[in-house]
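Okay, here's what each chain looks like letter by letter:
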Amino acid sequence: MKSHRWFTPWLLIGPAILWVLVFSLWPFINTVMLSFTDARPLRPANPVGLAQYERLLTDEQFQYALLTCLIYVVVCVPLLTVLPLLLALLVEKNIPGIAVFRTTFYFPVIASVVVVALIWSWLFDSKGVINQALEWMGIVDQPIAFLVDRWWLLGCAILLTVWKGVGYYMVVYLAALGNTGKELHEAAMLDGAGSFRRFLSVTIPSVRGAMLLISVLIAVSAMRVFTELDILSNGTGGPGGYDMSIVMLIRQVGSGLNGNLGYAAAISVVLFLLTLIPLVAILLLNREKKEKVAA
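This text gives an overview of the structure that appears in the document. (Residues numbered from 1 in each chain as written. Predicted model: local features only at pLDDT ≥ 70, side-chain atom pairs only at ≥ 80, totals over all residues. Heavy atoms only, no water.)

One way to put it is that helix α3 (residues 60–91) packs onto helix α12 (residues 246–254) with a least axis distance of 8 Å and a crossing angle of 150°. Judged by the inter-axis angle, α3 sits roughly antiparallel to α12. In this structure, α3 uses Q61, F62, A65, L66 and C69 to contact α12, whose residues at the interface are I246, L249 and Q252. Of the residues in the contact of α3 with α12, the class split is 6 nonpolar, 2 polar and no charged. (Axes fitted to C-alpha atoms, helices over the stretch in contact; angles between N-to-C directions. Helix = DSSP H or I, 4+ residues; strand = E, 2+ residues; numbered from the N terminus. Parallel < 35°, antiparallel > 145°, perpendicular 65-115°, else oblique. Contact = heavy atoms within 4.5 Å. Nonpolar A, V, L, I, M, F, W, Y, C, P; charged D, E, K, R; others polar.)

Buried within helix α2 (residues 51–58) are the following residues: Q52, Y53 and L56. Around the axis of α2, the buried residues are gathered within 100° of arc, so they sit on the same side. Residues of α2 that are exposed and angled more than 90 degrees away from the buried face: E54, L57 and T58. (Buried < 20%, exposed > 50% of the residue type's maximum accessible area, 1.4 Å probe, protein only. Arc of directions from axis to C-beta.)

Time to look at α12. Every buried residue belonging to α12 is among I246, M248, L249, I250, V253 and G254, and all of these are buried. Looking at the residues trailing α12, positive phi occurs at G256, about 85°.

It is worth spelling out the environment of L283 at this point. Its place among the elements puts L283 in helix α13 (residues 261–294). For L283, a relative accessible area of 48% puts it in the partly exposed group. In sequence terms L283 and C76 are 207 residues apart; their C-alpha atoms lie 21 Å from each other.

Bringing the pattern of salt bridges into the picture now. Counted by the stated rule, this structure contains 2 salt bridges. Among the ionic pairs, R43 bridges to D38, the shortest N-O distance being 3.6 Å. For R43, a relative accessible area of 42% puts it in the partly exposed group. D230 is paired through a salt bridge with R251; the nearest N and O atoms lie 2.7 Å apart. Of this pair, D230 sits in helix α11 (residues 227–232) while R251 is found in helix α12, placing the two residues 21 residues apart along the sequence. Look at D230 and you get buried, because its relative accessible area is 14%. By relative accessible area, R251 is classed as partly exposed at 35%. (Salt bridge = Lys/Arg side-chain N within 4 Å of Asp/Glu carboxyl O.)

As structure tokens, this is what we get:
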């Protein structure tokens, strides 16, 4: 005996499907279509073929933005993959007061990235707390241009991203470590393995899946970095715009009545393809792992 009509499930999932179609799928399709035009606000769009993508090949500003994001990926992926694991190993033990440390390490995650970036700007300003402290200790004679120099600004932004994200990924590792059998460590200890050897031979293999997932999430987030660089550089992308990220470039190109929506759409499509690379990589790795297990 049926308890509902055939269309009842569709009524339940219908709003979610409509939401995805209207606010995700259609904007994506429209962006791809715009990338093949010279669309601008208050002006009809004309097809230009691959002209917008050809422009990307010679656009120095896009090359600088791409380099900034790639540096972000290269630095943040190893740091945010290894540091949270080490931190999780420190706080996983059930000892008195450990909950306070876990909360302290996780606190930056719940703080607004905008607020944290504003505090970071105050700290690293030429007259900020850090420069004042360095001058007071006699380490430097004049303020360090943290937020003006290209590489210092990028380093400050990366430091902010790492500090903000290390607590979140620590929790992911804690969940993975909780599923690791204690008997594996005990067997390794009986075989004479030290702490470092157990870390390499037992801990890392047991959290390898979490490490792959975290690496992909960090890589995708690093390619789409925006808030940290935008606030620390006051929206300018640093001196000469060298520290502008791809998302910042999209906003700059597509904003205003004279914004080039077609070119901004082309950059958006390229960014989407770049974020697919780590996702495809983990898919291939998982498929290869399943094939080895099946064999």
